[in-house]
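# What the coordinates show
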Amino acid sequence: MHSISGVIYLILAACLLPYVFTLIAKKSAGFRAKDNQNPRAFLEKSTGLASRANAAQQNSFESLPLFIASILMAEYMVVSQSLVMTFGIAYLVFRVIYGICYLANWSTLRSIVWLLSLLCPITLLLLIIKIS
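Predicted model only: the values in this text are computed from it and were never measured.

### Some words on the environment of Ala53
Topologically, Ala53 is positioned in helix α3 (residues 48-76). In the structure, Ala53 is positioned 25 residues away from Ser28 in sequence and 8.8 Å away in space, judged by C-alpha atoms. Residues contacting Ala53, with those up to four places away along its chain left out, are Phe21, Ile24, Ala25 and Leu103.

### Here we look at unusual backbone geometry
Among all residues except glycine, the phi angle is most often negative; among peptide bonds, the trans geometry is most common. Notably, Val78 is not glycine yet its phi reads approximately 60°, a positive angle. The topology assignment puts Val78 in the loop between α3 and α4 (81-104). The residue Asn105 is not glycine, and still its phi comes out positive at about 65°. For Asn105, the position within the fold is in the loop between α4 and α5 (107-131). Taking the relative accessible area as the measure of exposure, Asn105 reaches 47% and is therefore partly exposed.

### A closer look at the nonpolar core
Ala14, Phe67, Ile71, Ala74, Val84 and Tyr91 are the most contacted members of the largest nonpolar core, which totals 15 residues. Every element with two or more residues in this core is listed here: α1 (4-29), α3, α4 and α5. What Ala14 contacts, discounting residues up to four positions off in sequence, is Leu64, Phe67, Tyr91 and Leu92. Core analysis: the next-biggest nonpolar cluster, separate from the first, contains eleven residues, Leu17, Phe21, Ala56 and Tyr102 among them.

### Section: the packing of aromatic side chains
Tallying each qualifying case throughout the model produces four aromatic pairs. Consider the rings of Phe31 and Phe42, whose centres lie 5.3 Å apart with planes at 75°: the pair is edge-to-face. Of the two residues, Phe31 is situated in the loop between α1 and α2 (39-44) and Phe42 in helix α2; the sequence distance between them amounts to eleven residues. The class of Phe42 is partly exposed, set by a relative accessible area of 22%. Judged by centre distance (5.6 Å) and plane angle (90°), the ring pair of Tyr98 and Tyr102 falls under edge-to-face. Of this pair, Tyr98 and Tyr102 both sit in helix α4, four residues apart, which is roughly one turn of the helix.

Quick notes on the rules
Residues numbered from 1 in each chain as written. Predicted model: local features only at pLDDT ≥ 70, side-chain atom pairs only at ≥ 80, totals over all residues. Heavy atoms only, no water. Helix = DSSP H or I, 4+ residues; strand = E, 2+ residues; numbered from the N terminus. Contact = heavy atoms within 4.5 Å. Buried < 20%, exposed > 50% of the residue type's maximum accessible area, 1.4 Å probe, protein only. Core = buried A, V, L, I, M, F, W, Y, C linked by side-chain atoms within 4.5 Å. Phe/Tyr/Trp six-rings, centres within 6.5 Å; stacked < 30°, edge-to-face > 60°.

Below, the structure is given as structure tokens:
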């Protein structure tokens, strides 16, 4: 029997991760209450760490649909819970490392880790295809 609570925690963590980068972007850019009138425009003009944190935030949001869909489909198709959790946790770990690489401006390593994070939900989807 599958335990959905682990999957819910994975999805919640993945959904909250972009906001960590948002906070870093705003803090490092000197974000003020007046900037909240148009925060996207403010962050688009940022440079350095703030700009990289904002980009990490945007990419983190972009990767969510594939991750959430693969996790929920794996649950629905009754993929082994250990596989779902392994690939889900690996995705989260890779996304955190990806963000750290982005903040540190390590572009080559960032690209490698991005690919590894992308392979996690893709692998789950391939497992679903195999068992269906």
